[in-house]
Amino acid sequence: MASPECRHLVAGSADLSNCFIPGDGIGIEVVAAAIEVLKTVAKNNFELNITNFPWGTVFYKETGSYLPSDFLTTLKPFDAIPFDAVGAPDVPDHLSLWGLLLKMRSPLQLYANTRPIRCLTTPRLASVHPSALDWLLVRENSEGEYAGHGGRSHVGQTWEIATETSIYSRHGVERIMRFAFAAAQKRPRKQLTVVSKSNALRHGRVLWDEVATEVAAEFPDVHWDKELVDAMTIRMVQKPHSIDTVVGTNLHIGILSDLAAALAGSIGIAASSNLDPTRGWPSMFEPVHGSAFDIMGKGVANPIGAVCAAAEMMSWVGEERAAAGIMKAIESVCEIGLLTVDMGGKLNTMQVTEALCKALGS
Ligand code: GGG
């Protein structure tokens with residue numbers, strides 16, 4: 001296998017280094033688009049060198065592991081990690097997800113996952129009025145239903161059982177609540193909805209609600225409310241204007257953010273930032289969508305989710321001007337209808353990427 005090329009991102013006066021993990025499926029196609037856009041925005045502004053780590057299902061088939069054993073020390077020096085998608089048709093999904101993405105999120109301490117939702121499409125494509133869609137979804141990214149605790153016994157017998165234990169630590173809930181309240185506080189409406197299910201889940205989710213109330217006292221200027229996750233799906237569709245920032249657990253925001261992206265027009269446009277707010281580890285930026293076996297290799301994947309994730313990454317590393325430039329290019333391309341099929345257009349991945357680079361002034 002070819003050794004990874006070394007690339008660095010130098011932004012402004014600070015030296016920043018950066019690497020890409022394209023992963024699987026359409027991830028490999030959309031990461032190429034994000035790189036092109038980053039190269040264009042970097043031109044005349046900052047120096048861009050990129051490291052590509054070929055970790056994904058091909059790597060797994062060659063080495064027996066999705067990640068090399070020293071992946072943490074390899075990633076540590078980088079300032080940010082653009083990641084794309086994981087999953088392949090011939091590997092069980094739980095092996096690929098836990099072998100790559102979830103294996104990185106925990107040790108990298110990426111406990112805060114943000115998913116901004118904005119309508120980039122015409123009112124015809126969005127299921128709710130675009131003016132109602134300016135949300136920030138915050139996902140607890142390290143415990144909850146994705147804690148990885150559980151097991152199976154009596155495998156194959158009629159009395160076989162499997163357990164999947166959710167974990168809610170006071171430390172884990174406090175830090176995500178503080179992050180979400182602080183994020184809401186920075187937004188114009190200063191409004192947070194805490195998503196729960198504490199009527200049925202009577203231990204962890206009760207702690208979740210109690211900690212939310214305690215942390216709320218530290219943010220008296222943030223208006224907040226609680227919503228059960230099932231009621232939240234109705235509210236997102238029927239009262240979208242009533243929502244601004246939302247915080248929930250791994251599973252709940254995983255589901256709600258797919259719904260939110262669909263309401264905004266397509267899962268293909270949604271970006272996801274896996275953040276270590278202490279900045280001790282590099283944060284990771286990815287589109288919300290997965291590897292999409294049905295369209296992989298066809299060159300028709302929507303690159304906008306990966307490009308939005310690149311904009312989020314630029315903002316995280318302090319390159320606000322580059323981030324704003326990328327978002328402006330996305331908006332103008334969407335406005336004139338240069339779209340992939342999932343957004344009602346006729347263009348392929350490459351053509352949308354070229355339109356984005358042109359809008360950036362390449
Ligand atoms: N780009 C995100 C990705 O590849 N996701 C795959 C997936 O299935 N993720 C599950 C999850 O994060 O809940």
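Residues numbered from 1 in each chain as written. Predicted model: local features only at pLDDT ≥ 70, side-chain atom pairs only at ≥ 80, totals over all residues. Heavy atoms only, no water.

K.L.:
What's the story with the overall build of the protein chain in this structure? I'm lost.
P.N.:
The helix and strand inventory of the protein chain stands at 11 helices and 15 strands. Here the C-alpha radius of gyration of the protein chain, 20 Å, is about what a compact globule of 362 residues would show, namely 21 Å. Once the C-alpha set of the protein chain is aligned to its principal axes, its extents read approximately 55 × 50 × 40 Å. A burial count over the protein chain gives 52% of its 362 residues as buried. (Helix = DSSP H or I, 4+ residues; strand = E, 2+ residues; numbered from the N terminus. Rg over C-alpha atoms; globule rule 2.2 N^0.38 Å. Buried < 20%, exposed > 50% of the residue type's maximum accessible area, 1.4 Å probe, protein only.)

K.L.:
Just to check I follow, could you spell out the sheet that holds strand S5 (residues 51-52) for this structure?
P.N.:
As a general point, the strands of a sheet are linked pairwise by backbone hydrogen bonds and lie either parallel or antiparallel. The strand order S5-S3-S6-S15-S14-S7-S8-S13-S11-S12 describes an open sheet built from 10 strands, whose pairing is mixed. Either end of the sheet is taken by a strand with one partner, and the two such strands are S5 and strand S12 (223-228). Pairing of strand S8 (residues 134-140) with strand S13 (residues 245-248), which is carried by 4 bridges, proceeds in the parallel orientation. In the strand pairing of S13, Leu136 is matched with Thr245. (Pairing = 2+ DSSP bridges.)

K.L.:
Would you explain the pattern of salt bridges in this entry?
P.N.:
Any two side chains of opposite charge can pair, given that their charged atoms come close. Here the structure, examined in full by the defined rule, presents 15 salt bridges. Between Lys39 and Glu36 there is a salt bridge, and its shortest N-O distance comes to 3.9 Å. Residue Lys39 and its partner Glu36 are located together in helix H1 (residues 26-42), separated by 3 residues, close to a single helical turn. Taking the relative accessible area as the measure of exposure, Lys39 reaches 44% and is therefore partly exposed. Its salt-bridge partner being Arg170, residue Glu214 comes within 2.8 Å of it at the nearest N-O pair. Here the residue Glu214 occupies a position in helix H6 (residues 204-216), and Arg170 occupies one in helix H5 (residues 170-186), the gap between them amounting to 44 residues. If you follow the salt bridges from partner to partner, you end up with Arg170, Glu174, Arg178, Glu214 and Glu218 in one network. (Salt bridge = Lys/Arg side-chain N within 4 Å of Asp/Glu carboxyl O.)

K.L.:
Is there a simple way to explain the layout of surface pockets in this structure?
P.N.:
Gaps between atoms show up when a probe of the same size as a water molecule is rolled over them. Space inside the largest pocket adds up to approximately 880 Å³. Along the walls of the largest pocket sit 32 residues, with Pro116, Leu136, Arg187, Glu312 and Ser315 positioned nearest its centre. Listing elements by their share of the lining of the largest pocket, those giving two or more residues are strand S7 (112-118), S8, H5, helix H8 (250-264), strand S14 (271-275), helix H9 (304-316) and helix H10 (320-335). Considering each element in turn, the lining of the largest pocket owes the most residues, 5 residues, to H9. Of the residues contributing to the lining of the largest pocket, the split by class is 22 nonpolar, 3 polar and 7 charged. The volume enclosed by the second largest pocket comes to roughly 470 Å³. Taken together, 24 residues line the second largest pocket, and the ones lying closest to its centre are Leu97, Leu101, Val288, His289 and Gly290. (1 Å grid on protein atoms, 1.4 Å probe; cavity = no way out; pocket = protein on both sides within 12 Å on 5 of 7 lines; lining within 4 Å. Points joined across faces, edges and corners; volume = space filled by probe spheres on them. Nonpolar A, V, L, I, M, F, W, Y, C, P; charged D, E, K, R; others polar.)

K.L.:
In this structure, what is going on with the site of the ligand? I would like to understand it.
P.N.:
Surveying the vicinity of the ligand reveals 13 residues, the closest of which are Asp84, Arg139, Tyr146, Pro287 and His289. Interatomic distance of 2.8 Å between a side-chain N/O atom of Arg139 and an oxygen atom of the ligand. One nitrogen or oxygen atom from the side chain of Tyr146 is found 2.7 Å from an oxygen atom belonging to the ligand. Here the ligand loses 80% of its free accessible area of 360 Å² to cover by the protein chains. According to the grid-proximity analysis, the pocket containing the ligand is the second largest pocket. Counting residues per element, the ones that place at least two in the shell around the ligand are strand S6 (80-85), helix H4 (93-105) and strand S15 (283-287). With 3 residues, the top contributor of residues to the shell around the ligand is H4. Of the residues assigned to the shell around the ligand, the class counts are 7 nonpolar, 2 polar and 4 charged. (Near = heavy atom within 4 Å. Polar contact = N/O pair within 3.5 Å; in protein donor to acceptor, adjacent residues only side chain to side chain. Areas by Shrake-Rupley, 256 points an atom, 1.4 Å probe, with all protein chains shown as cover. Sits in = over half its atoms within 2 Å of the grid points.)

K.L.:
Please clarify how the confidence of the model for the protein chain should be interpreted in this entry.
P.N.:
Should the pLDDT be low somewhere, the predicted coordinates at that spot are not to be read in detail. Residues with a pLDDT of 70 or more make up 93% of the protein chain, whose mean pLDDT is 90. Under a pLDDT of 50 for its full length, residues 1-15 has, in the predicted model, 44 contacts with residues more than four places off or in other chains. Predicted complex metrics record ipTM = 0.92 and pTM = 0.92. (pLDDT = per-residue confidence, 0-100. Contact = heavy atoms within 4.5 Å.)

K.L.:
I keep staring at H1 and nothing clicks. Help me out?
P.N.:
The terminal C-alpha atoms of H1, which comprises 17 residues, lie 24 Å apart, in line with the 24 Å expected from a rise of 1.5 Å per residue. Across the 17 residues of H1, 13 count as buried, placing the element largely inside the fold. (Expected span 1.5 Å × (residues − 1).)

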